[in-house]
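So the chains spell out like this:
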Number of protein chains: 2
Amino acid sequence: MEAESTLEATTLAVDWGSTNRRVFVLAADGTVLETAQDDRGILAMDGSGFAAEAASMRGRWGDLPMLCAGMVGSNRGWVDAGYVSAPASLAAIAAAVHWVEPGHTAIVPGVSRDGNGRADIMRGEEVQLLGAAAAGLVAADSWLCQPGTHAKWARLKGGDLVDFTTAMTGEIFAQLGRSGLLADGLDGTVQDGADFRAGVQAARGGDLLARLFGARASLVLGKRDRTDQASYVSGLLIGSDCAARLDSDFADARADGVDVLASPALGNLYLAALDELGCAARLVDSHAAFLAGITQIWSLLK
Amino acid sequence: MEAESTLEATTLAVDWGSTNRRVFVLAADGTVLETAQDDRGILAMDGSGFAAEAASMRGRWGDLPMLCAGMVGSNRGWVDAGYVSAPASLAAIAAAVHWVEPGHTAIVPGVSRDGNGRADIMRGEEVQLLGAAAAGLVAADSWLCQPGTHAKWARLKGGDLVDFTTAMTGEIFAQLGRSGLLADGLDGTVQDGADFRAGVQAARGGDLLARLFGARASLVLGKRDRTDQASYVSGLLIGSDCAARLDSDFADARADGVDVLASPALGNLYLAALDELGCAARLVDSHAAFLAGITQIWSLLK
């Protein structure tokens, strides 16, 4: 028999969100031996059954130490893992993990910020954000954006997460598409192009509530084709998000550029909006960032 | 028998909206002899049955001429009565009414505006707006606001409707309360007070998407009581609407004041928000304004 250069699995890292769950089976040196994604997010758990799920994962991949991040650590998850206050480092997060079973099963806390008249929270995104810097995927001082249902915008300095802002961009788009005045046409394909960019430009004035109604009026008056409506409204929302950021706490990102942690489909829309607003941006691999972050936290726990 | 000073019914004026219908039985001099309100709005009609509904009203109040306004004239109503372009006068609207049955049943058209990069439409509100000026309830040159699901802001000059903007304020609040991240707490009572006004102030920066998420974060971090959440979020939305208007096409309303056509409950929230933003405002009776407008249009038809 030939010798195989196999690596042994030593850790299970679980990105356990509201809707999806992604398991990474890791070797001691951080190599990913296997990944699996399913829809066993916390909403599918119905607030219980987490221990059985963990046992099931260990039944499949071995009785390994398990480090979980994401909404699994919320008050609707396995256990409320609390929040670390920003500025936050990977070391501070590692020091605050919640041990479900000491040395065997841990949950990463979220990060909160409060001050200057506003409060904000994240849970799960911090692993990606800090991991991106730890892995050298972004500079230690950088401006990051994670588009999504609740889009996160984060400032890193010296590799630490010093401040962040969350916008309801994706959720509002989903709600408008489900029912109400604007639903007609929002089932169409969203793509970068003249309509998307017209939406971004219309968003610049900061008058989202009126621009949204105007999108409907344009359809009724025959000023826009129904097939272009989803792109325009997406441009309005993503443009509102990006423009508000560049007008406030992300003002200096215009000079430095923004790193967008996202899948290409959604990430490229943010790149287009930022480009339309005169800000350079580039895509960063969000899975690689998560892996780097969770591996780093695990190494700090040992 | 004593002689009674009774007036004879001569016209039926119908404010026929999406959800509600209000009938005014009028004498020749405009006196309201009777009013009736029900939930036979156009959504209850399911796109048909309008002729039967009209016959039913005439069966109750007499075979009188009938003038209808509102969503009954939309493409989901009895018949699409089209739009008159702003600037629009009562005379222009009267000249463009759609006769379902000549001399007997008419539907008032809506008003559209298009230019300077935005399109907008209204249907039904124009009767109130122009009626308010015709009746002297507001000055011939004035700034008007009609709060609601789709809040209208209109500029009158010389008694004509010269321009307007619609904001999705009420609909977004309703959608956020129905489902999603912010629904928790939005079933509470909305009232003017410290939380409502804090929402108005937070809205000033024009960053609604982030402020909405921040409202949830404040609740999670224990920075706001659940019972105050609806007032704060309402303040955010109404404040966003008012601030955007005062920062753009309604900038001169700061000096002149705004006339708010609304029921006291909703109207007073807009008065509070405008006050918080340094703009004087007062309530105007919207039913009286509608009556004045519809009576005037009818007199121009005869």
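Residues numbered from 1 in each chain as written. Chains lettered and ligands numbered in written order. Predicted model: local features only at pLDDT ≥ 70, side-chain atom pairs only at ≥ 80, totals over all residues. Heavy atoms only, no water.

Some details on helix α8 (residues 229-247) of chain A
An ideal rise of 1.5 Å per residue puts 27 Å on 19 residues; α8 of chain A measures up with 26 Å between its terminal C-alpha atoms. Judged by how many residues are buried, α8 of chain A sits mostly within the fold: 18 of 19 residues are covered. (Helix = DSSP H or I, 4+ residues; strand = E, 2+ residues; numbered from the N terminus. Expected span 1.5 Å × (residues − 1). Buried < 20%, exposed > 50% of the residue type's maximum accessible area, 1.4 Å probe, protein only.)

What to know about the interface of chain B and chain A
Opposite the 45 residues of chain B that make contact, chain A presents 45 residues. Summing both sides of the interface, chain B and chain A together bury roughly 3400 Å²; the carbon and sulfur share of this comes to 67%. Among the residues chain B hides against chain A, the three largest losses belong to Met-168, Leu-209 and Phe-213 of chain B. Together they make up 21% of the total. Note that Asp-114 of chain A is salt-bridged to Lys-223 of chain B, the shortest N-O span being 2.6 Å. On inspection of chain B and its partner chain A, the count reaches 10 residue pairs in polar contact (both at pLDDT 80 or more). The set of elements that each furnish at least two residues to the side of chain B that touches chain A consists of β8 (110-115), β9 (118-122), β12 (160-167), α5 (169-178), α7 (208-220) and α8 (229-247) of chain B. (Contact = heavy atoms within 4.5 Å. Buried area = accessible area lost by both parts, 1.4 Å probe. Salt bridge = Lys/Arg side-chain N within 4 Å of Asp/Glu carboxyl O. Polar contact = N/O pair within 3.5 Å; in protein donor to acceptor, adjacent residues only side chain to side chain.)

Some details on the relation of the copies chain B and chain A
The operation relating chain B to chain A is a screw motion whose rotation component is 180 degrees, with 0.0 Å of axial translation and a residual RMSD of 0.0 Å. With respect to symmetry, the two chain copies, as superposed, fit the operation of a two-fold axis. Among all residues of chain B, the one whose C-alpha sits closest to the rotation axis is Gly-206 of chain B, at a distance of 2.5 Å. Interface overlap between copies is the fraction of interface residues in one copy that are interface residues in the other; for chain B against chain A it reaches 100%, indicating a shared surface. (Least-squares fit on C-alpha atoms with pLDDT ≥ 70 in both.)

Let's talk about the sheet that holds strand β3 (residues 32-38) of chain A
Residues and elements named next belong to chain A. Pairing in this open sheet of six strands is mixed, and the strands run β3-β2-β1-β4-β7-β6 from one edge to the other. One side of each edge strand has no neighbouring strand; the edge strands of this open sheet are β3 and β6 (98-101). The average undirected angle you get between the axes of adjacent strands in this sheet is 20 degrees. Sheet analysis places strand β1 (residues 9-16) next to strand β2 (residues 21-27), joined by seven bridges and oriented antiparallel. Following the sheet pairing, Leu-12 is matched in β2 by Val-25. (Pairing = 2+ DSSP bridges. Axes fitted to C-alpha atoms, helices over the stretch in contact; angles between N-to-C directions.)

Some points on the sheet that holds strand β14 (residues 281-284) of chain A
Residues and elements named next belong to chain A. One open sheet holds the five strands; their spatial order is β12-β11-β10-β13-β14, and the pairing between them is mixed. Every other strand in the sheet has two partners, leaving β12 (160-167) and β14 as the edge strands with one partner each. Between one strand and the next, the sheet's axes are offset by a mean angle of 25 degrees, whatever the strand orientation. Across the sheet, helix α10 (residues 264-276) is in contact with β10 (142-146), β11 (151-157), β13 (258-261) and β14; its angle to β14 comes to roughly 165 degrees.

Structural notes on unusual backbone geometry
Residues and elements named next belong to chain A. Omega for the peptide link from Ala-86 to Pro-87 comes to 0 degrees, which places this bond in the cis form. Following the sequence through the fold, Pro-87 ends up in the loop between β5 (83-85) and α3 (90-95). Unusually for a residue other than glycine, Asn-116 sits at a positive phi of about 55 degrees. Examined against the element boundaries, Asn-116 turns out to sit in the loop between β8 (110-115) and β9 (118-122). The class for Asn-116 is exposed, based on a relative accessible area of 78%.

Concerning the nonpolar core
Counting 43 residues, the largest nonpolar core has Leu-176 and Leu-212 of chain A together with Leu-176 and Leu-212 of chain B as its most contacted members. Among residues more than four places away in sequence, those in contact with Leu-176 of chain A are Leu-182, Ala-183, Leu-186, Leu-212 and Leu-237 of chain A together with Met-168, Ile-172 and Gln-175 of chain B. (Core = buried A, V, L, I, M, F, W, Y, C linked by side-chain atoms within 4.5 Å.)

Structural notes on the pairing of β6 of chain A
Residues and elements named next belong to chain A. Across three bridges, the pairing between β6 and strand β7 (residues 105-107) is antiparallel. Bridging across to β7, Trp-99 finds its partner in Ala-106. Counted along the chain from β6 to the antiparallel partner β7, the turn is three residues long, and its residue Gly-103 has a positive phi close to 80 degrees.

Some words on the environment of Arg-224 of chain A
All names here are of chain A. Residue placement: Arg-224 occurs in the loop between α7 (208-220) and α8. Here Arg-224 falls in the buried class, since its relative accessible area comes to 13%. The sequence separation of Arg-224 and Gly-293 amounts to 69 residues, and the corresponding C-alpha distance is 45 Å. Apart from residues lying up to four places away in sequence, Arg-224 is in contact with Asp-195, Ala-215, Ser-218, Leu-219, Gln-229 and Tyr-232. Here Gln-229 takes part through its side chain, which lies 2.9 Å from a polar atom of the side chain of Arg-224.

Notes on the pairing of strand β4 (residues 66-69) of chain A
Residue and element names in this part refer to chain A. Side chains Met-66 and Cys-68 project from β4 onto one buried face, and the interleaved Leu-67 and Ala-69 project onto a second face that is buried too. Relative to β4, β1 runs parallel, the two sharing four bridges. Paired with Asp-15 across the strands is Ala-69, a residue of β4. As paired strands, β4 and β7 are joined by three bridges and run parallel to one another. The residue of β7 that forms the bridge with Cys-68 is Ile-107.

A few points about the domain arrangement of chain A
All names here are of chain A. In terms of domains, chain A is made up of domain 1 (9-137 + 287-301) and domain 2 (167-284). Distance from the C-alpha centre of domain 1 to the C-alpha centre of domain 2: 30 Å. With six residues of domain 1 at the interface, the matching set in domain 2 holds four residues. Summing both sides of the interface, domain 1 and domain 2 together bury roughly 320 Å²; the carbon and sulfur share of this comes to 58%. Taken as a group, Arg-118, Gln-128 and Leu-137 account for 69% of the area that domain 1 buries against domain 2, more than any other trio of residues on that side. Applying the counting criterion to the domain 1 and domain 2 interface returns one salt bridge. Between Asp-249 and Arg-118 there is a salt bridge whose closest N-O contact spans 3.9 Å. Between domain 1 and domain 2 we count one residue pair in polar contact (both at pLDDT 80 or more) in total. No other element matches helix α4 (residues 125-134), which puts three residues into the side of domain 1 that touches domain 2. Per-class residue counts for the side of domain 1 that touches domain 2 are four nonpolar, one polar and one charged. (Domains from an automatic or database assignment. Nonpolar A, V, L, I, M, F, W, Y, C, P; charged D, E, K, R; others polar.)

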